[in-house]
Each structure stands twice: as C-alpha cells, then as structure tokens.
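Letter by letter, the chains look like this.
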Amino acid sequence: MERFDVCIVGSGAAGGTLAAHLARRGIKVAVVEGGPPVNTRTAFNTHALPFEFPNRHIPRMKPGVEGYESERARGVGGKTLWWNAVAWRFSHRDFKGRSIDGAGEDWPIDYPDLAPYYDIVEREVGVCGNRDGLEDLPDGIFQPPVPLKRSDRIIQRGAARLGLRVIHVRKATLSRSMDGRPACHFCGNCMAGCDVVAKYNSADVHLRPATSTGNLTIFPNAVVREVTVSRENRVTGVEYIHRLHRKEGRIDARTVVVAAACAPSVGLLLMSRSRLYRQGLANSSGQLGRHFIPHFTGGVQCFLKDLIGTPPVNDEGFLDHAYLPSFMHERKRDYARSFGAQFGYHNRRSAGWARAMPGFGEAYKQSIRERYPAFMTFSPYGEMIPNPQSTVTLDPKKKDIHGLPLVKRNYHWGENDLKIFADMQRWSVAVLEAAGAEILTVSTRPMPNHELGGCRMGTDPRTSVVDPFCRTHDVPNLYVVDGSVFPSASEKNPTLTIMALAARTAEHIAERLRKNEV
Amino acid sequence: MSSRRETLKILGAIGTTCIFPFPAEELYGQHASHTETPLSAPRFFRPGEMEQLATLADLFIPPTDTPGGAAAGVPLYVDLVVSRDAGYRKLFRAGLKDLNKLARRQHGTAFHTLGEARQVALLEPLVAEADQLRTPDFDRASRAVRFARVLKNLIADGYYTSRAGLVEELGYSGNSAHAEFPGAVHEH
C-alpha cells in the first residue's frame, strides 16, 4: 500500500490549507475526511425560502444530498462550508494575555512570528476589509471592504457617542473576483453555504486546485478512529471506518496531522490509546482535553428606532458588514481580557422575534410590519480564561453511530468570564441605546461558540501538548493544527489564525521532510 | 395601503441595479431551489378543530391589505408541528376544548361562532398573561396560558415564514443578486 508523506485528518480551514501548501511543495498528502464530497455548486439550499418546506425549516443540504451529519462527518471542506468567513488577525495582546493581564496563558509565539503567514493566507483566499490602523487588530492584505448597511451607520453613530469605533468587518469573502471566483453578490445566506465560492471554503479554494498537483489524495467518508503509534514512538498512520459500508481501512504515512477541529481532534487523540499512551496519544502530560476555552457570546435583540416604519430594503448583504472591535482592554475594568461585538448578521428570511412582540390582532400585525426593517441582533464575543472544570473528554458510555465514544464538552464559566459577560451585555445595551434602539430581549447566560483549546501549545511539555510548530511534545512526527492548540482564545474569530498556523506548520513539516527528520 | 405601493416602487428601483454579476466568468451556481409538496390535509386535528384554528389564526393575524393567518395556511402548519409532539397534541386538544367551554359558559355558544369582539375579549387576558410568561416558568403556568403561549408562537412562526407573511406582508426582498452592495444609500 502507498505510504504518504503526510496524512491529514480533517479537510476544513486547517486541513485544506495544510494540504494545499504541502502538495504544492511536492509532498505526497492524504486528506482523510469523515463526510462525503460536497458539490458546493448544487448541494446547498443557499437560495431557499422557508415556505418551500412544509415545516418551514430550511435543511442544510438539498434533498437526497449528503453532507452535514455529525461532528465527524461534515463533508469535504469541513466547517468552512458553513462559516460566516470573518477573518481577523490576532494581535500582540491576544498572544500575550498572561504577560499583559496576568490571566490565562501566553502563546509561545507572537504576532511577528505569524504575520508573514497571515499575509500568505490573505493573498491566497481573498479577504475584504478596511485598513483601520488599529494596534489591537492588525491590518492585512485586503480587497476593498463592502459598504456598511444603513443599520451599521446608525450603530456607528451611537457607538461614536460613547467614544467607540465601529469598523468594516473583514471576511474571507471576495469583494472583487479573483482566481476564477466571482465577487460576492449579496444574496444573503452565507451560512447556508455559498454556491458560487465567493466565500472561501477549503474544498474549492485549497483542496481542488491542490489535487491537480497529483500529490493530493482525498479519502472522503473515512471516519478516523485511531492514530496509530509504533513501539519506537512514531505515528505510523490512521485507521478509519468507512461511513457508509462500515468497512475498516488504514492509511500509512510518515507524518500525521490531526486537524479535525477542536473537540473532535482532542477526542481522536483521547481515543488513540496504546501501550505507550494509555491516557490518549500525546497525553503523557495529562494536559490533553484541559484548558478548553471556547468563546462565549451574549446577545441583544432590538429595533433601531430610525428604521421603524421605513420601507423594507434588500440589505441581507453578506450578513454582518461591520464590527465593534475590543475596546475594554484599554479601559479601567475589574476583569482580565476583553470582548468584541458582531452585529447585524441575521438574514431576513424569517422573523422569529415576532413571537416576542406583545398582543395580537391588527395592532400586533402592524407592529411587526413596522419593525421588520428595524430588527437587529447584536452579539458580543468574550475571551474565556482556562479553568480546571472546562474540558473536553470522552463520554464513558455513549457511542456514536460508528461505535466511537461521544466527545463531551464540559462547559464551566469562571468568575472572570461571568464578569466579562455581564459587562459586554451592559455595553451592548448602552451602544444600542445610544444608537436609538428599542430593546426586545437581552440574553442572560453566556453561550459557547468557536471551540478552542484542549491541546494547548507551549514550550513546556509538562503544561502543554504541542510545541510552537504544532508538533506534539510526545511524538516527533505527530502534529495538531486547529483551534485546539490555542493557549488563549482572544475575543476574535479564530479561523484566519488557524489557517496562518497551518501555513506555518506546512512550511515546517516540508523542511523536516526535506531534511529527512521525520 | 399607499405605503405598500411605495415599498414596491422602491424595490423596483433597487431591482434595476441588480444584475447577475458573473460576466465573463464560469457560470457558477444553480439558482433553483427545491420546493416540496405543500401540505394539504391535516394530520392531527379534526375538522372542527381546524375550523377553530383558522378562526384563531385570523384573530392573531387578521387579514388586512395582505392575507391573514388562515389564508396564509397557518392552521396546516400548526397541525404539522403539533402532530409531531406528544406534549403539544395533549395541550392543543385540551386548549381548544377549554376555549369552547369558556365561550359556552360565558355566551352559551362555541368559540368559533362567537362574534369577533367576544372572541377578542376572551383571548385578551390569556394572551396578556402568555406574553409575560418566560421559559423557566412555563410549566408552572395554567393550561390555558400555556396553550395561549404555544399557540401564539406557532401562529407567528407559521405566518411569518409563509409566502403571504414574509413576502406580501413584510416585503421580504432579499435572496437576489446585487452587482454592488448599495450600502447606506437607502438612508433617509
């Protein structure tokens, strides 16, 4: 059987970037994905409206098309098929939280280490945005930003009254056509899957072009259940179960990269038990699964008074067009770290908030019609500080349809997290009120989002799982590249940083393969 | 209503800037979406109950310059959702009966044969209480209030996801291509 140079588990932002960067360098790569291949042109319900379905629920995939199933089977492209494409660079503050705020953990790398790889990724995938000159949100190589919505202008004015700056969002969605991909046409349903690839997905932008090198083989429908390790402490490949016919298979490789997304990656390593690693592969430190630090979000639903009663317009755009960057890190506060806010990322294909409007009858109907153009969701994202109870573990009893143990997320918000949550909700309401908003609902509990941590990067093998190049401390030819390696979470959407890490790790692996070090 | 006509006019103006933006490029995207067979016959409710639901759907969302709840097909949507949930089946069967009992006790006739004013007067206190009901307190509320809460949820969901509710009433105008995002130019 063919032995690959590198076997990558997962085909999302990390797996796709890695595969393309390695295959281009002449390295023989296998990408193993639990889900089926997805034809992004035809598989999604991008343009569906709820009344086309009797239960008014727009399904992920067109009838009879497979794809979105479980966390181990999302389809080739992984979560990039469904993401919202927000693409921030992390800043020095994000990498050095402990040094700056005395909480959380520093990354062993800093912004200058990753900056060249952000450049590479932005050039490759196309990121639109404005160069804002913010120290905390480094500028990159951008296509022109897309214009703000009228609701963004209103919030921008409100925020300005409080001394806060609202900027254009930055997204890996094209505002100008590039490499055969058209610019976004603002049909407004990005997270249902973009059927023109204006929005980056790894299957079309990274994997498909990489297959033409002849160096990349994609194994779809292959649910990896174990990364195998030799007595000499080298990983030898992966074993998988075919998703459809349940047959078992194996892929041999000189190097393995686990890039299956945060919790599934941690789960796979925990499942990969052997004589050498009884508590899970690369877990001699017992750190695997610890320091799980998902973002937490709050939320406010409101109506912008300036827009109540105005005629509805087609402003779905590419969902959110603006962003309120972190500002509390510069202000006096009684907690460490900070938050930022996304807003206006709802589309207008339903009005679920109508339930929450009071009364019934003609006045009720009228009040909803008037408020429909004015509806706004505002959602701050906070940075979590690691705590001992927040972990990723394997369920001791429950198994999935493949007979593999379910991966459990154990959420526990610490005191600092709850302080940030309370403050970010307060600020959200303040900004909205300054913008002239009628508040409808304010969420009262933090909700987890963007899973990060569990396979922490660090220089000390006793307190971290991978080194600064995402290589596990325990096994010299095993790497982990995805959100799980983040030592601290920032409040910024993580995908661009995951891709930059992937590009950096690809270079590192290529160099080691060239020198025959693995 | 004149504001509706204005809306359509403005949409027309925006429409002229919307061209399919892929000249000289590979024509991506199959912009046809799948349509399932619409609902026709109720699965759970009996004919009398469906009639009552139609009355309620129009009381919550009456016909105006756009269709009301009944004409928008809300009763069949409610039937579909309720038919799939044992708790809802029990709640709705009893809730509809309770309304009739209340109507008979106060006015000597079934709910759906009362005049609109009396129907509204019966519903008002229930809906007012249901509006105050928060999820954690749901189980502690009376059956009539729980019924009113779920009924309103399903009618609102069903109406504003129907073509009549979303497109005709709310004027949904998205799901179409802009060559350029018009940005804040609509600002008044």
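Quick look at the structure, then. (Residues numbered from 1 in each chain as written. Chains lettered and ligands numbered in written order. Predicted model: local features only at pLDDT ≥ 70, side-chain atom pairs only at ≥ 80, totals over all residues. Heavy atoms only, no water.)

**Focus on the overall build of chain B**
Point 1. Of regular secondary structure, chain B possesses seven helices and zero strands.
Point 2. Counting from the amino terminus, chain B carries its helices and strands in the arrangement α-α-α-α-α-α-α.
Point 3. Within chain B, the proportion of its 188 residues that are buried is 46%.
Point 4. Excluding contacts between residues fewer than 6 apart, the proportion of contacts in chain B whose partners are at least 24 apart in sequence is 64%.
Point 5. Per element, the accessible surface of chain B, about 9,600 Å² overall, is 54% carbon and sulfur. (Helix = DSSP H or I, 4+ residues; strand = E, 2+ residues; numbered from the N terminus. Buried < 20%, exposed > 50% of the residue type's maximum accessible area, 1.4 Å probe, protein only. Contact = heavy atoms within 4.5 Å. Areas by Shrake-Rupley, 256 points an atom, 1.4 Å probe, with all protein chains shown as cover.)

**Focus on the overall build of chain A**
Point 1. Of the regular secondary structure elements, chain A holds 10 helices and 17 strands.
Point 2. Relative to the 2.2 N^0.38 estimate, which gives 24 Å for 518 residues, the radius of gyration of chain A is 23 Å and therefore close to what a compact globule would have.
Point 3. Here the C-alpha coordinates of chain A stretch approximately 75 × 50 × 45 Å along the principal axes.
Point 4. Buried residues in chain A amount to 67% of all 518 residues.
Point 5. Residue pairs in contact within chain A that sit at least 24 positions apart in sequence constitute 73% of those at least 6 positions apart.
Point 6. If you sum the accessible surface of chain A, you get close to 17,800 Å²; carbon and sulfur atoms cover 49% of it. (Rg over C-alpha atoms; globule rule 2.2 N^0.38 Å.)

**As for the nonpolar core**
Point 1. Judged by nonpolar contacts, the single largest core of 187 residues is most densely connected at Ile8, Ile155 and Leu478 of chain A together with Phe92 of chain B.
Point 2. Top contributing element to this core by residue count: helix α10 (residues 495-514) of chain A, with 11 residues.
Point 3. Each residue touching Phe92 of chain B, except ones within four places of it in the same chain, is listed here: Phe45, Val78, Val82, Phe147, Val150, Leu151 and Leu154 of chain B.
Point 4. Counting 17 residues, the second largest nonpolar core, distinct from the first, contains Val86, Val169, Phe186 and Ala198 of chain A. (Core = buried A, V, L, I, M, F, W, Y, C linked by side-chain atoms within 4.5 Å.)

**Focus on the interface of chain A and chain B**
Interfaces are often sized by the amount of accessible area the parts lose when they come together.
Point 1. Between chain A and chain B, the residue contacts involve 61 residues of the former and 70 residues of the latter.
Point 2. Of the roughly 5,600 Å² buried between chain A and chain B, counting both surfaces, carbon and sulfur atoms make up 60%.
Point 3. Counting the surface chain A buries against chain B, the share from its top three residues, Phe360, Lys365 and Arg369 of chain A, is 15%.
Point 4. Here chain A and chain B share four salt bridges between them.
Point 5. With a closest N to O distance of 2.8 Å, Asp65 of chain B and Arg369 of chain A form a salt bridge.
Point 6. Where chain A touches chain B, the interface holds 23 residue pairs in polar contact (both at pLDDT 80 or more). (Buried area = accessible area lost by both parts, 1.4 Å probe. Salt bridge = Lys/Arg side-chain N within 4 Å of Asp/Glu carboxyl O. Polar contact = N/O pair within 3.5 Å; in protein donor to acceptor, adjacent residues only side chain to side chain.)

**A few points about helix α1 (residues 13-24) of chain A**
Residues and elements named next belong to chain A.
Point 1. Over its 12 residues, α1 extends 17 Å from the first C-alpha to the last, a length consistent with the 16 Å expected when each residue adds 1.5 Å.
Point 2. Within α1, 11 of the 12 residues are buried, leaving the element largely enclosed by the surrounding structure.
Point 3. Looking only at α1, the buried set comprises Ala13, Ala14, Gly15, Gly16, Thr17, Leu18, Ala19, Ala20, His21, Leu22 and Ala23.
Point 4. Of the residues flanking the end of α1, it is Gly26, one or two places downstream, whose phi is positive at about 85°. (Expected span 1.5 Å × (residues − 1).)

**A look at helix α6 (residues 202-211) of chain A**
Residues and elements named next belong to chain A.
Point 1. Counting buried positions over the 10 residues of α6 gives seven, a clear majority of the element.
Point 2. Within α6 the residues assigned to the buried category are Ser202, Ala203, Asp204, Val205, His206, Leu207 and Ala210.
Point 3. Contact partners of the buried residues in α6: α1, β2 (29-32), α4 (111-125), β4 (216-219) and α10.
Point 4. In this structure Asn201 caps α6, since a side-chain oxygen of it lies 3.0 Å from the backbone nitrogen of Ala203.

**Some words on the packing of aromatic side chains**
Point 1. Summed over the entire model, instances satisfying the criterion amount to 27 aromatic pairs over all chains.
Point 2. By way of ring pairs, the aromatic residues Phe44, Phe45, Tyr88, Phe92 and Phe147 of chain B are connected into one cluster. (Phe/Tyr/Trp six-rings, centres within 6.5 Å; stacked < 30°, edge-to-face > 60°.)

**Points about the packing of helix α2 (residues 47-60) of chain B against helix α3 (residues 74-83) of chain B**
All names here are of chain B.
Point 1. Taken N-terminus to C-terminus, the directions of α2 and α3 make an angle of 120°; their axes are 9 Å apart at the nearest point. The angle between the axes of α2 and α3 places the two elements in the oblique class. Here α2 and α3 pass one another in a crossing that is right-handed. The segment α2 lies against α3, with Met50, Leu53, Ala54 and Ala57 engaging Val74, Pro75, Leu76, Val78 and Asp79.
Point 2. Looking at the contact of α2 with α3, its residues break down into eight nonpolar, no polar and one charged. (Axes fitted to C-alpha atoms, helices over the stretch in contact; angles between N-to-C directions. Parallel < 35°, antiparallel > 145°, perpendicular 65-115°, else oblique. Left-handed = near helix turned anticlockwise from the far one by under 90°. Nonpolar A, V, L, I, M, F, W, Y, C, P; charged D, E, K, R; others polar.)

**Section: the environment of Glu370 of chain A**
Residue and element names in this part refer to chain A.
Point 1. Tracing the backbone through its elements, the reader meets Glu370 in helix α8 (residues 362-371).
Point 2. For Glu370, a relative accessible area of 29% corresponds to the partly exposed category.
Point 3. Distance in space between the C-alpha atoms of Glu370 and Phe303 is 9.9 Å, their sequence separation being 67 residues.
Point 4. In this structure Glu370 touches Leu307, Ile308 and Gly309, once residues within four positions along its chain are discounted.

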